[in-house]
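# Remarks on the overall topology
What follows is each chain in one-letter form.
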Amino acid sequence: MALTSPVEEHPYKHLIDTLKDGTIKFFSPHKLNDPRYDKLPLSIRVLLEAAIRNCDGFYTKTEDVENILDWQQQQNKAEVPFSPARVLLQDFTGIPAMVDLAAMRDAVAKHGMDPSLVNPKCPTDLIVDHSLQIDYSKCAIQNAPNPGGGDGPNQGHGPSRSTSSRLPSRGGSQCGGQRGTCSKPACNDLPSATGRTPASVQQIENTPLLCPFHLKPVSEPETALKNQEMELVRNKERLQFFKWCSKAFKNVNVVPPDVGAVHQVNLEYLSRVVQLRDGFIYPDSVVGTDSHTTMINGLGILGWGVGGIESEAVMLGQPVSLTLPQVVGCKLVGSINPLTTSIDIVLGITKHLRQAGIAGKFVEFFGPGVSQLSAPDRTTIANMCPEYNATISFFPIDQVTLKHFKKTNFTQENVELLEKYMKAVKLFRSFEDPSDDLQFSEVIEINLSAMVPYVSGPKRPQDRVAVSSMKEDFQSCLNEKVGFKGFHISKEKQAAQVPFLHSGQEYQLGHGSVVIAAVISCTNNCNPSVMLTAGLLAKKAVEAGLVVKPYIRTSLAPGSGMVTHYLSISGVLPYLSQLGFEVIGYGCATCVGNTAPLPDAVMDAIKQGDLVACGVLSGNRHFEGRLCDCVRANYLASPPLVVAYAIAGTVDADFEKEPLGVTSEGKEVYLRDVWPSREEVQQTEEDMVISAIFKDLQGRMEKGNTFWNKIDCPESVLFPWDHKSTYIRSPCFFSKLTKEVPPPQSIEGAHALLFLGDKVTTDHISPAGSIARASAAAKYLLSKRLTPREFNSYGARRGNDAVMTRGTFASIKLQNRFIGKSGPKTLHIPSNQTLDVFEASERYQRDGIPLIILAGKDYGSGNSRDWVAKGPYLLGVRAVIAESFEKLHKNQLVGMGIMPLEFLPGENADSLELSGKERFNITLPESLSLRQQLTVKTSQGKSFVVTAQFDTEMDVILFQNGGLLRYVARTLL
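Owing to the predicted nature of the structure, the values given are computational and were not obtained by experimental measurement.

Quick notes on the rules
- Residues numbered from 1 in each chain as written.
- Predicted model: local features only at pLDDT ≥ 70, side-chain atom pairs only at ≥ 80, totals over all residues.
- Heavy atoms only, no water.
- Helix = DSSP H or I, 4+ residues; strand = E, 2+ residues; numbered from the N terminus.
- Contact = heavy atoms within 4.5 Å.
- Areas by Shrake-Rupley, 256 points an atom, 1.4 Å probe, with all protein chains shown as cover.
- Pairing = 2+ DSSP bridges.
- Axes fitted to C-alpha atoms, helices over the stretch in contact; angles between N-to-C directions.
- Buried < 20%, exposed > 50% of the residue type's maximum accessible area, 1.4 Å probe, protein only.
- Polar contact = N/O pair within 3.5 Å; in protein donor to acceptor, adjacent residues only side chain to side chain.
- Expected span 1.5 Å × (residues − 1).
- Salt bridge = Lys/Arg side-chain N within 4 Å of Asp/Glu carboxyl O.
- Core = buried A, V, L, I, M, F, W, Y, C linked by side-chain atoms within 4.5 Å.

What follows concerns the overall build of the chain. A count of helices and strands for the chain gives 30 helices and 34 strands. Nonlocal contacts in the chain, meaning residues at least 24 apart in sequence, comprise 73% of its contacts between residues at least 6 apart. Entry remark: accessible area of the chain is about 38700 Å², with carbon and sulfur atoms responsible for 49%.

Okay, structure coming up:
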């Protein structure tokens, strides 16, 4: 965010410096003249700059700045605030936040205030990308028929464009009408539970219905269009609300459906590296409600994922609170092996970091090896944070990053400005200069030269084989007994060569001969470099005079049209085609067994010699016999290695010592002669691919979505709630809102709504999946005349508090000690009846009885969700008494005005002999203090002491106001 206090009153106004002839200002931490700053990791410097700029004496204090500056001593100890530059929401988590803001406008309007004053204080981007469902698909993924082979490329799964015209019509008694396909009744004969055709398979003119057992194909040009149509119909109410938000609120930018996934849009369009606002320039930073938010750290932008309530707090002007993290320096050294692809490097670094035990820490990369990684390499590594449990993986900005920005939506002027600023505040790195190395909590050194290319096989994906050891490993597979790797071929038969004729020419097959080679990019889309490497390798091979033997079944199945586009514009597609790797369509094919039959002569030769023939593919599945029942050895490899093994014609080869092939003139050509350098690949990627991707995204952003553009939405300042809606509803968080802060209300005569044990997770508190038909939420939706097919999920209905409150504690795995078995039930103590949690809550609230929850250790662990505190609040829960809390959830409870109370060390409900059926009184003093001890008295005459988990003054203020939302509303009033 920009400045939170006037410049003339700012405690660090003496640090203000200027750029660009004084027209742009910035806070320069370097002007502190403190030697500690020069040793801080750059990720910590970003935290420090934000604390200095946002220091207002309330949310952020001068002691917070001092703690960050003293990071070496305060790491893992001090709690510090961080105010990010922006918030990133996806639509599932974004809708409850925006519904709350719309309801807040209603609340302030009732008090005579201008509702248009209610806006996010922090710039917020909301990307609508979680609404799309696959109702129509060009390839049927489920129940792949006859995985050992088939009648042709159209058999069962993923037909190519060239075969789509041969799809069976909707008529007939079977789905597909082909050997090995679904034996269920035809799609149009399948009734729904209501006797009607299910909405999800309603026919749109000129398209076949979708079989629920196979996703029945439609032609490719129609697929996206029809899925978009279904998305519009299914989510019309939500989309209308989002469009109203984009017009009604300041500081809100809504990216409509069909533009891109949230993390890609963030990476390719929203990221600015530096923000320029109110005349000040400062580092870009972000918190987001998507787990892929960490990808942005690959561009030198600090960011990580948070829960819905945390993001809402930041939107409303509150900083994120975090314990000053340890920072692990990951030093990259050595030179990358010429044959090692970006995917090899990413997976290798991920493996090292996973083994290092760095959960909850920052990782910051440095060392001479970093310069060898392209910007896409870095963002892919940063995206893998959840795999090794780091909070972030930060790559400071350097010349490689600047070069990348020049190929994107940055102007030359913008690049020059961000470079000057980053160097002025010492956030720019030169990885080749060892004097630039900083102090870290610990250093992990990774030698890039030790990362060698691998393939996996011959029967299981987990059996990795270094390419340099491939010949030796294959020979051992022939020798070993039949098992996970072995084929048990006798020594005298291992050298067998079987001649055969193909197209009038004689060839020979032996053990290890490649007969299937498939380049599939579905698992390689996140980083285009591997596909480009394959294309450039093909180009060099063709130019060197190498060919692929014509009997090898070669194919190229790009994961998307964009892959074909960048292979085409980079000029390598014709060379791939010349080697037999022609585009066969867009869909799953070879890796699910949908390879056209091998030539009869090839199959006869394999059977005659009992040969272990091989398939090589860049997919993700390759179990024995999966590609074709006569191909026993199958290897997963990177796309360029697939091309290489196709040219070699065998996996029984040592590429370091043996030639890849021999030209028609008899010249031996080695793999090293035709393998493109990393510099060549990266240059092509930056010049062709990156530019094309950014131009495409920018065009879609500017053009807008046709469906989105046609959606009508109200023009009013206040949202006109539709009381019939089951998706969007005004929540009651602001009922009985007063301008004055009420005195603390003691809890008298409370009952325990639930009596829980240890490790109650957010999944137990607020399920995110489908709505069970017997649940309280289902009963509510049925009362609104919806059928079970129309229930959708809790995630899709997060904008309806009536559904989400009924879904609170609705997990079938909830262990409530009142019941004695798992399930979403509890005991209504006054009547001694077992009821749904919501129904019991309703009775208590109707009778004016406050509620508490008793729990054990680690209450609220797991993924953060917006309704894990909102739901209990609306159930009438005033306090949770537990042995310990997950810190993030404790903050969420405070943020909704619920008291988190902790038993004293060594005490719990059992040691205090609590049955949970007592009534509880908790007296609150007029003035609350941090970590104050309170006395709980029961109706049985017992009393015990608990500690209120208010760790900051802000915690106390939020609780006294009844939570964050009411606090912000009162601030406006």
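The structure having been displayed, the exposition proceeds.
Before going further, it helps to examine the sheet that holds strand β26 (residues 747-755). Within a sheet, each strand pairs with its neighbour through backbone hydrogen bonds, oriented either parallel or antiparallel. Sheet architecture is closed into a barrel: seven strands sit in the order β26-β29-β30-β31-β34-β33-β32, paired in mixed fashion. When the angles between neighbouring strand axes are averaged without regard to direction, this sheet yields 40 degrees.

We now examine the sheet that holds strand β15 (residues 442-447). Reading across the sheet, the four strands line up as β14-β13-β12-β15 and stay open at both edges, with parallel pairing between neighbours. Looking at which strands have only one partner, the edges of the open sheet turn out to be β14 (392-394) and β15. The sheet shows a mean angle of 25 degrees between the axes of neighbouring strands, direction not considered. Bridge count for strand β13 (residues 362-366) against β14 is three bridges, and the pairing is parallel. Bridge pairing in β14 links E364 to F394. Here helix α1 (residues 42-53) sits on the sheet in contact with β12 (327-333), β13 and β14, set at roughly 120 degrees to β13. Across the sheet, helix α9 (residues 342-356) is in contact with β12, β13 and β15; its angle to β15 comes to roughly 150 degrees.

By the element assignment, D398 lies in the loop between β14 and α12 (399-406). Relative accessible area serves as the criterion here: at 3%, D398 is assigned to the buried category. Of note is the side chain of D398, whose polar atom sits 2.7 Å from the side chain of T401. Those residues within four positions of D398 in sequence are excluded, and the remaining contacts are S371, R378, F428, R429 and F431.

This part covers α1. Here α1 spans 17 Å end to end across twelve residues, near enough to the 16 Å set by a 1.5 Å rise per residue. The set of residues buried in α1 consists of L42, S43, I44, R45, V46, L47, L48, E49, A50, A51, I52 and R53.

Once that is clear, we can look at the pattern of salt bridges. Taken as a whole and judged by the stated rule, the model has 35 salt bridges. The salt bridge involving D836 is made with K825; its shortest N-O contact spans 2.8 Å. One end of the pair, D836, is in strand β28 (residues 833-836); the other, K825, is in strand β27 (residues 825-828), with eleven residues separating them in the sequence. Take K825: its relative accessible area is 32%, and that puts it in the partly exposed class. Taken together, the shared-partner salt bridges connect D34, R36, E66 and D70 into one network.

In this section: the nonpolar core. In this structure, F241, W304, I349, F365, F809, Y859 and M899 are the most contacted members of the largest nonpolar core, which totals 215 residues. In terms of residues, this core owes the most to one element, helix α4 (residues 91-110), which gives eleven residues. Not counting chain neighbours up to four residues away, the residues in contact with I349 comprise L332, F365, I381, I446, L448 and M451. L339, A541, V616 and A646 belong to the second largest nonpolar core, which has 74 residues in total.

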